[in-house]
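A structural walkthrough
Read off the chains here:
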Amino acid sequence: MKVSVPKETAAGERRVALVPEVAQRLTRSGIEVVLEAGAGEGAHHPDASYEEAGASVQEGTGFSGDVVAKVRPPSSEEIRALREGGVLVGFLQPLTATDTVRALAEARVTSFAMEAIPRITRAQSMDALSSQATVAGYRAALVAAEELPRFLPMLTTAAGTVRPATVMVLGAGVAGLQAIATSRRLGAVVQAFDVRAAVKEQIESLGARFLELDLGLEDAEAAGGYARQLTEEEQQRQRELLAEAIGKVDAVISTAAVPGRPAPLLVIEDAVRNMKPGSVIVDLAAETGGNCELTEPGETVVKHDVTIIGPLNLPSSMPDHASQLYSKNVQNLVELMVSEEGEMKLDFEDEILAGACITRDGEIVHEGAKQAVGAAA
Ligand code: NAD
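Attention in this report is confined to the structure presented alongside it. (Residues numbered from 1 in each chain as written. Predicted model: local features only at pLDDT ≥ 70, side-chain atom pairs only at ≥ 80, totals over all residues. Heavy atoms only, no water.)

Of regular secondary structure, the protein chain possesses 12 helices and 17 strands. In terms of overall dimensions, the protein chain is globule-like: its C-alpha atoms have a radius of gyration of 22 Å, near the 21 Å expected for 377 residues. Its C-alpha atoms give the protein chain principal-axis dimensions of about 65 × 50 × 35 Å. A buried classification covers 53% of the 377 residues belonging to the protein chain. Long-range pairs, those at least 24 residues apart, make up 65% of the contacts in the protein chain between residues at least 6 apart in sequence. If you sum the accessible surface of the protein chain, you get close to 16900 Å²; carbon and sulfur atoms cover 48% of it. (Helix = DSSP H or I, 4+ residues; strand = E, 2+ residues; numbered from the N terminus. Rg over C-alpha atoms; globule rule 2.2 N^0.38 Å. Buried < 20%, exposed > 50% of the residue type's maximum accessible area, 1.4 Å probe, protein only. Contact = heavy atoms within 4.5 Å. Areas by Shrake-Rupley, 256 points an atom, 1.4 Å probe, with all protein chains shown as cover.)

Written as structure tokens, this is what we have:
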């Protein structure tokens, strides 16, 4: 079986789907690895380090594998380079990138989306949403610290005492919890809010305070541990209560998301207006529209003397570890596709492969992707 790794072509993408260390693990287990020249450069892995790992490096071979391992969804040109019946693994945005999904089905590619891997215990080592969200949450806290014109920690100096900054984290999933932990390590006082009641304990175990908002909600946890979408009335109430609480903090890091939907709006203009001049908002949800009304995805703007940052693809800003973790996720998934004899074998009775598969034999087989494509048509 042969796995190939193309160079990522999306603007600003520096990650690579396999790092040399993981390529070596695959080659040692009898899997051939080929890499497009320069594919690892963005993550600081020169071609030579792949060759030392037993992979072959060539121009124009990125799409030649039985399995093509990518980070970002393929462009239409890249889809044309994929083999009929070949396997593609990567972030494919199955619920939103409907044109890509349709094109993959038409090209008769067997595609697996990292986002669609079921979040079950056995699949934890393949959970790329979590590995990349860990990077994004960590970076978001650093961006907030960097932009804030104040200290995060409390300082007692000869020139007087500085009170610690307060950071509010909205959404305490994987990224949010990492942002809490990182802000705490930097010495901030941290509050956090989520609509899922289960996270209260996790927030508190990181030394942060769970912000209690009287939304009249029982709990908003839905299938798979994800949040359900709140009703319009619940959202309205949440925004009003948050506007008050946000006025008292120095920085907001917002990470709230509902799979396949635009990010919930949590921070309205009034909340921004309530903040102290010089405060900062890092809106990790910018990619799906933003949690803050004033966020401009991909931009840093100053409104009401508050700096609002809408970063896109933060994991790519830390490509070395983001790629290392992602590679392990890919390795673990690819190993599910190999028989003991080292041949490619796709067992669709396996709930991980069945759940992650988006297109196969010319059809869209993933329920959510099928609905999204239907709705777009
Ligand atoms: P996510 O990126 O989908 O959402 C981020 C957070 O935003 C979630 O905690 C969500 O509850 C919250 N949110 C949504 N709407 C909100 C609103 N209106 N206000 C405030 N917060 C809101 O989440 P994620 O990080 O991918 O994690 C989702 C769940 O999956 C979590 O329960 C996590 O523990 C679970 N998980 C399970 C596994 C596993 O078992 N393998 C692995 C990773 C994560």
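Our next topic: the sheet that holds strand β17 (residues 363–364). Spatial strand order, β3-β2-β1-β4-β5-β6-β16-β17: eight strands in an open sheet with mixed pairing. Looking at which strands have only one partner, the edges of the open sheet turn out to be β3 (56–58) and β17. In this sheet, strand β2 (residues 32–36) lies alongside strand β1 (residues 2–5) in parallel orientation, the contact comprising four bridges. If you follow V5 over to β2, its bridge partner there is L35. Packed on one face of the sheet, helix α4 (residues 98–106) meets β5 (87–90), β6 (110–113), β16 (357–360) and β17 and runs near 40° to β16. (Pairing = 2+ DSSP bridges. Axes fitted to C-alpha atoms, helices over the stretch in contact; angles between N-to-C directions.)

For the ligand, the set of nearby residues contains 24 residues, the closest of which are R119, V174, D194, R196 and Q238. Within the contact set of the ligand, an oxygen atom lies 2.6 Å away from a side-chain nitrogen or oxygen of R119. In the complex, the protein chains occlude 84% of the 850 Å² of accessible area that the ligand would expose alone. For the shell around the ligand, a count of residues per class yields 13 nonpolar, seven polar and four charged. (Near = heavy atom within 4 Å. Polar contact = N/O pair within 3.5 Å; in protein donor to acceptor, adjacent residues only side chain to side chain. Nonpolar A, V, L, I, M, F, W, Y, C, P; charged D, E, K, R; others polar.)

With 41 residues, the main nonpolar core has F112, M114 and L333 as its most contacted residues. Elements with a contribution of two residues or more to this core: β1, α1 (20–28), β2, β4 (67–69), β5, α10 (319–335) and α11 (351–356). With residues near it in sequence (within four places) discarded, L333 still touches V89, F112, M114, I117, M126, I352 and L353. In terms of nonpolar packing, the next biggest core, distinct from the first, is built from 30 residues, M168, F193, L215 and I281 among them. (Core = buried A, V, L, I, M, F, W, Y, C linked by side-chain atoms within 4.5 Å.)

All right, on to the environment of F348 then. Considering the arrangement of structural elements, one finds F348 in the loop between α10 and α11. Looking at F348, the relative accessible area reads 21%, which means it is partly exposed. The spatial distance from the C-alpha of F348 to the C-alpha of V87 is 13 Å, given a sequence separation of 261 residues. Residues contacting F348, with those up to four places away along its chain left out, are T110, F112, L353, A354, C357 and R360.

Next up on the list: helix α6 (residues 174–185). Helix length check: α6 (12 residues) gives 17 Å between terminal C-alpha atoms against 16 Å at 1.5 Å per residue, within 8%. In terms of burial, α6 is largely enclosed, as nine of its 12 residues are buried. Turning to α6, its buried residues are A175, G176, L177, Q178, A179, I180, A181, T182 and S183. The inward-facing, buried residues of α6 abut α5 (128–147), β9 (166–170), β10 (189–193), α7 (199–205) and β12 (251–254). Where α6 terminates, the next one or two residues include G187, which has phi positive at roughly 95°. (Expected span 1.5 Å × (residues − 1).)

The subject of this paragraph is the pairing of β6. Of the two faces of β6, the one holding T110 and F112 and the one holding S111 and A113 are both buried throughout. Taken together, the four bridges between β5 and β6 define a ladder with parallel strand orientation. Note that in β6 the partner of G90 across the bridge is A113. Between the parallel pair β5 and β6, the chain is carried across by α4, and the sense of this crossover is right-handed. Relative to β16, β6 runs antiparallel, the two sharing two bridges. Paired with S111 across the strands is T359, a residue of β16. (Right-handed = clockwise from strand over helix to strand, strands pointing away.)

This paragraph deals with the packing of aromatic side chains. The full count for this structure, using the stated rule, is three aromatic pairs. Pairing F91 with Y326 gives two aromatic rings, centres 5.3 Å apart and planes at 25°, and the pair type is stacked. Linking F91 in the loop between β5 and α4 with Y326 in helix α10, this pair joins segments that are 235 residues apart in sequence. By relative accessible area, F91 is classed as buried at 9%. (Phe/Tyr/Trp six-rings, centres within 6.5 Å; stacked < 30°, edge-to-face > 60°.)

The geometry of α4 relative to helix α12 (residues 367–376) is characterised by a closest axis approach of 9 Å and an angle of 110° between their N-to-C directions. Judged on the interaxial angle alone, α12 and α4 are roughly perpendicular. Contact with α4, carried on its side by T98, V101 and R102, involves A369, A372, V373 and A376 of α12 and no other residues of that element. (Parallel < 35°, antiparallel > 145°, perpendicular 65-115°, else oblique.)

Before going further, it helps to spend a moment on unusual backbone geometry. Residues other than glycine seldom take positive phi values, yet H304 does so here, at roughly 55°. Considering the arrangement of structural elements, one finds H304 in the loop between β14 (300–303) and β15 (306–309). With phi around 55°, N313 is a residue other than glycine that occupies positive phi space. Of note, N313 is situated in the loop between β15 and α10. For N313, a relative accessible area of 15% gives the class buried.

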